[in-house]
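# Architecture at a glance
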Amino acid sequence: MHNITRPTIAGLIASAAFSTLISAPAFAQQKVKIGFITTLSGPAGIIGEHMKNSVELALDHLGRKVGGLDTEVIYGDDQFKPDVGKQVSDEMVKRHQVNFVSGIIWSNVMLAVAPSVVQAGTFMIGTNAGPHELAGKLCNELFFTTSWQNDQTPEAMGKYMQDAGLNDVYIMAPNYAAGKDMLTGFKRYFKGRITDEVYTKMGQTDYQAELSQLRAKKPKAVFVFYPGGMGISFLRQYSEAGLRGQFPLYSVYTVDEISIPAVKHAALGQIETRYWSPDLKNPANEKYVSDFRKKYGKYPVFYGAQSYDGIMLIDSGVRAVKGNLADKKGLTAAFRKADFASTRGKFVYNTNHFPIQNFYLLKAVAGPSGQDPVMEIQKTVFSNHKDSYSKDCKMKW
Amino acid sequence: MNLVLFLEQTLNGLQLGVMLFLMAAGLTLVFGIMNLVNLAHGSLYMVGAYLATYFYQATGSFALGVLLGLSGTLVVGIVVELVALRTLYERDHLDQVLATFGLILFFNELIAILWGRSAIFATMPPELSGHVELIGGLRYPLYRLAIIVVGLAVACLLWYVVGRTRLGMLIRAGASNRTMVAALGVNIRLLYTVVFGFGAALAGLAGLMAGPIHVVQPGMGELVLIDVFVVIVIGGIGSIRGAFAAALIVGMVDTMGRAFLKPMLALVISPVAADTAGPALASMLIYLLMAAVLAVRPEGLFPSRGS
């Protein structure tokens, strides 16, 4: 299931007429093809919708021309399944012959897709999932990400909770690649006692059994990673079980601009760590957030900010090689410079093509005049934070 | 093992079980009587959740929301039966799977168009939030207790209707031999419509009760559907009694597995290995159970008599 965005017929005729009139540079007939894979159907479809909307906004800001070339973005739906993601990416690489595959929310999907894409000699520009394998031994000249390595965000929360002197923390995550990375990252910086480490089924909707176990263990605090709909269920049930007053809840990727409208006041006061927030002050972000709200009538979420950055990164690379998409070495060199205005402000690549970036402490505070709560940056936890796997990456540059 | 905790987990298992039963009852009847594989049963669960949430917020009354949500799902179920499913009874199962999968896509997109792809805000009524003190200092959420009560009440009602009334007799007869029922002059088409409508309403009931504690979003039905199929296969297709027993067994096994499998494994193997094996095994447990039941009793625990 995919849809293809094409320029209108009139636009095609006009541009054809235009290019015959003007003696165009050598590569002007070339078109940039981007295959953007995300989850567009099912319960996680809302994340994909945010990513797709942000890609469209980036294209609007670029006048629908990435790197100055005509652009075709082919959207693919991985249906939340690694095997489907792999099929869709194969189709994009082989049949559509895209220049860049981009997107991907889930780490298990990314691990199925990225190796085969780069093996086929095509660039993979990840805009969410950051499994540790790709940051370490599977790092590749053709793989870049505009998000983060999975461990980094929980590392920031681990540090914050360590500094706060907390002990006896109960930690929970879904049982898949990213869930394990998240808890590993947390434990790298949190050195206090862990009461228990619990993995739940991916896509689980009911946490009552786990919450009963949690209450019986009487921890001092709870740390969780529950992205998407899992987070909404978890937050609701945590409040419903009356645990909110008893055990303070800390989370990553659980309370965000997607889950807040569904849980409203249950999110109030919730603390997260993240590299980005809608209130982050820099010109690129202010433009992105205000135009996103104007176009789609709601707050953007980090999934979207990363996807916007992904298109901007591709744009910077294509410009640097002057539209010569066959120059893969040139593109890699250009991407490494990350010469674009990122929504997170300063953007520098580490040797493994994962960004070196700041991580902030965010809090859900009451929105203006009775609206839904909004995320607000409280302080910086890490400045220029590198992931822990770059040392396993053999790339030198 | 702490006794209060065990009791609490038993209640959790019971609560999950009755939710599964509400879904399974409709599905197993439709499968058993009409010989129709209905993958879109989860969509009716979703419709129930959306309608009840919408009407609760529009009217401000939870009771009205439940009433309108239930009757709305009943109507949607009947319309689906009349418009789409009628033509499928004589076709083979693969065609039915294909067509009802199409219905899933249709309903998910329809809901996304009407309410958007985001999960919508749903809340429980203030009267049902809070906790009740049970024996031994066990505090249990009132809402979950209400789900258990409603689920058991519906089970009793179904037992009465299916076992003691004329309609129930026709339903049982239809499950055993529908050609004979039709030959005896029963309007089998009408019977099908009624059964499907009530099956839909039961799914809607499960959905609207799940709304405030789970996520009300497009595609929410598919998340529970697989477990429900496991229930009806274990219980025996077409059997309400089987669905009830199997739902409670599956609910219990799943809950206990999630709660106690890891600590119990840690007693036998190393804690590190238990950390990995526990969650993996817990999520497989109900499928292992299904495989075991199928190996011993291929017809399920309580097969409906006849073909």
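This is a predicted model, so every value here is computed, not measured.

Definitions and limits used
Sequence order as written defines residue numbering, which begins from 1 separately in each chain. Starting at A for chains and at 1 for ligands, labels are handed out in the order in which the entities are written. Owing to the predicted nature of the model, reporting of local features is limited to residues with pLDDT of at least 70; listing and counting of side-chain atom pairs is limited to 80 or more, with chain, interface and lining totals taken over all residues. Strands here mean DSSP runs of E at least two residues long; helices mean DSSP runs of H or I at least four residues long; both are numbered from the N terminus. Our radius of gyration looks at C-alpha atoms and nothing else; its globule reference is 2.2 Å times the residue count to the power 0.38. Three exposure classes are used, based on other C-beta atoms lying within 10 Å of a residue's own C-beta, which is placed from the backbone: buried for 20 or more, exposed for 12 or fewer, and partly exposed in between. Contacts are defined on C-beta atoms placed from the backbone: any two residues whose C-beta positions lie within 7 Å are in contact. What a helix should span is 1.5 Å times the count of its residues minus one. At every residue, the bend is computed as the angle between two fitted axes, covering the seven residues ending there and the seven beginning there respectively. In this classification, the charged set is Asp, Glu, Lys and Arg, the nonpolar set is Ala, Val, Leu, Ile, Met, Phe, Trp, Tyr, Cys and Pro, and all remaining amino acids, among them Gly, are polar. For two strands to be treated as a pair, DSSP must find at least two bridges joining them. The crossover handedness rule: strands pointing away from the viewer, path from first strand over the helix to second strand clockwise, crossover right-handed. Lines fitted to C-alpha atoms define the axes here, with helix axes fitted over just the stretch in contact, and angles between the N-to-C directions of these axes take values from 0 to 180 degrees. Each angle is binned into one of four classes, with values under 35 degrees roughly parallel, values over 145 roughly antiparallel, values of 65 to 115 roughly perpendicular, and all other values oblique. Throughout, a crossing is termed right-handed when the near helix is turned clockwise from the far one, and left-handed when it is turned anticlockwise from it by less than a right angle. By definition, a nonpolar core groups buried Ala, Val, Leu, Ile, Met, Phe, Trp, Tyr and Cys residues that connect through C-beta atoms lying within 7 Å of each other. Boundaries between domains were set according to an automatic or database domain assignment. pLDDT is a per-residue confidence score from the predictor, ranging from 0 to 100.

## So, the overall build of chain B
From N to C terminus, chain B includes 11 helices and two strands. In chain B, the order of α-helices and β-strands from amino to carboxyl end is α-α-α-α-β-β-α-α-α-α-α-α-α. Scaling as 2.2 N^0.38, a compact globule of 307 residues should have a C-alpha radius of gyration of about 19 Å, and chain B matches this with 20 Å. The burial tally for chain B puts 50% of its 307 residues in the buried class. Relative to all contacts within chain B whose residues are 6 or more apart in sequence, the contacts with residues 24 or more apart total 76%.

## Some remarks on the overall build of chain A
When you go through chain A residue by residue, the secondary structure sums to 13 helices and 15 strands. Here chain A has a C-alpha radius of gyration of 21 Å; the compact-globule value for 397 residues is 21 Å, and the two agree. With the principal axes as the frame, chain A shows a C-alpha extent of 75 × 50 × 35 Å. Long-range pairs, those at least 24 residues apart, make up 73% of the contacts in chain A between residues at least 6 apart in sequence.

## Quick notes on helix 10 (residues 240-268) of chain B
Here helix 10 of chain B spans 39 Å end to end across 29 residues, near enough to the 42 Å set by a 1.5 Å rise per residue. At Phe260 of chain B, helix 10 of chain B shows its largest bend, some 50°, and a proline, Pro263 of chain B, comes one to four positions later.

## With respect to helix 9 (residues 220-235) of chain B
All names here are of chain B. Between its first and last C-alpha atoms helix 9 spans 24 Å; for 16 residues at 1.5 Å apiece the expected length is 22 Å, and the two agree. Ile226 marks where helix 9 bends most, by close to 30°. The element helix 9 is largely enclosed, with a buried count of 14 among its 16 residues. Remark: Gly236 follows helix 9 within two positions and exhibits a positive phi of approximately 105°.

## Notes on the interface of chain B and chain A
Listed per partner, the contact involves 32 residues of chain B and 32 residues of chain A. Of all the elements, helix 1 (residues 3-34) of chain B adds the most residues to the side of chain B that touches chain A, at five residues. Looking at the side of chain B that touches chain A residue by residue, the classes come out as 15 nonpolar, 11 polar and six charged.

## Overview of the pairing of strand 2 (residues 31-38) of chain A
Residues and elements named next belong to chain A. Counting buried positions along strand 2 gives seven out of eight residues, so the element sits mostly inside the fold. Here strand 2 runs beside strand 4 (residues 69-77); their pairing, made up of eight bridges, is parallel. The residue of strand 4 that forms the bridge with Thr38 is Asp77. The pairing of strand 2 with strand 5 (residues 100-103) spans four bridges and is parallel. When the bridges of strand 5 are listed, Ile37 appears paired with Gly103.

## A look at the pairing of strand 10 (residues 221-225) of chain A
Residues and elements named next belong to chain A. Within strand 10, four of the five residues are buried, leaving the element largely enclosed by the surrounding structure. Where strand 8 (residues 169-174) lies against strand 10, four bridges are found, and the strand directions are parallel. For Ile171, the partnering residue across the bridge sits in strand 10 and is Phe223. The sheet contact formed by strand 10 and strand 11 (residues 249-252) spans four bridges and is parallel. In the strand pairing of strand 11, Phe223 is matched with Tyr250. For the crossover from strand 10 across helix 9 (residues 229-240) to strand 11, the handedness is right-handed.

## Observations regarding the packing of helix 2 (residues 45-61) of chain A against helix 11 (residues 283-296) of chain A
Pairs of packed helices are described in terms of their axes, by the angle between the two and the distance that separates them. Residue and element names in this part refer to chain A. It is at 11 Å that the axes of helix 2 and helix 11 come closest, and there the two elements cross at 110°. Comparing their axes, helix 11 and helix 2 come out roughly perpendicular. Our pair here, helix 2 against helix 11, has a crossing hand that is right-handed. When helix 2 is examined against helix 11, the residues Asn53, Ser54 and Leu57 are found in contact with a partner set consisting of Asp291, Phe292, Lys295 and Tyr296. Split by residue class, the contact of helix 2 with helix 11 holds three nonpolar, two polar and two charged.

## Regarding the nonpolar core
In terms of nonpolar packing, the biggest core is built from 211 residues, with Met23, Ala24 and Val231 of chain B touching the most fellow members. Of all the elements, helix 1 of chain B adds the most residues to this core, at 16 residues. Two domains share this core, each providing at least three of its residues, namely domain 1 (2-148 + 280-349) and domain 2 (152-274 + 359-385) of chain A. Those residues in contact with Val231 of chain B that lie beyond four places of it in its chain are Leu20, Ala24, Ala243, Ala246, Ala247 and Val250 of chain B.

## Focus on the confidence of the model for chain B
Residues with a pLDDT of 70 or more make up 98% of chain B, whose mean pLDDT is 90. Both confidence scores are given for the complex: pTM 0.87, ipTM 0.87.

## Some remarks on the packing of helix 2 (residues 41-59) of chain B against helix 9 of chain B
All names here are of chain B. Relative to each other, helix 2 and helix 9 sit at 135°, their axes nearing to 8 Å. Looking at the two axes, helix 2 sits oblique to helix 9. Helix 9 is crossed by helix 2, and the crossing has right-handed handedness. Every residue of helix 9 that contacts helix 2 at His41, Gly42, Ser43, Tyr45, Met46 and Ala49 is listed here: Met220, Gly221, Glu222, Val224 and Leu225. Its residues placed into classes, the contact of helix 2 with helix 9 shows six nonpolar, four polar and one charged.

## Some remarks on the environment of Arg319 of chain A
By the element assignment, Arg319 of chain A lies in helix 12 (residues 302-320). The spacing of Arg319 of chain A and Met375 of chain A is 56 residues in sequence and 35 Å in space, taken between C-alpha atoms.

## Topic: the environment of Gly158 of chain A
Residues and elements named next belong to chain A. Turning to its location among the elements, Gly158 is positioned in helix 6 (residues 152-163). Counting along the chain gives 29 residues from Gly158 to Lys187, while the straight-line C-alpha distance between them is 6.6 Å. Not counting chain neighbours up to four residues away, the residues in contact with Gly158 comprise Gly185, Phe186, Lys187, Arg188, Tyr189 and Phe190.

## Digging into the domain arrangement of chain A
All names here are of chain A. Under the domain assignment used here, chain A contains domain 1 (2-148 + 280-349) and domain 2 (152-274 + 359-385). On a C-alpha basis, the centroid separation for the pair domain 1 and domain 2 is 30 Å. Facing 17 residues of domain 1, the contacting portion of domain 2 comprises 13 residues. Only helix 2 and helix 4 (107-119) provide two or more residues apiece to the side of domain 1 that touches domain 2.

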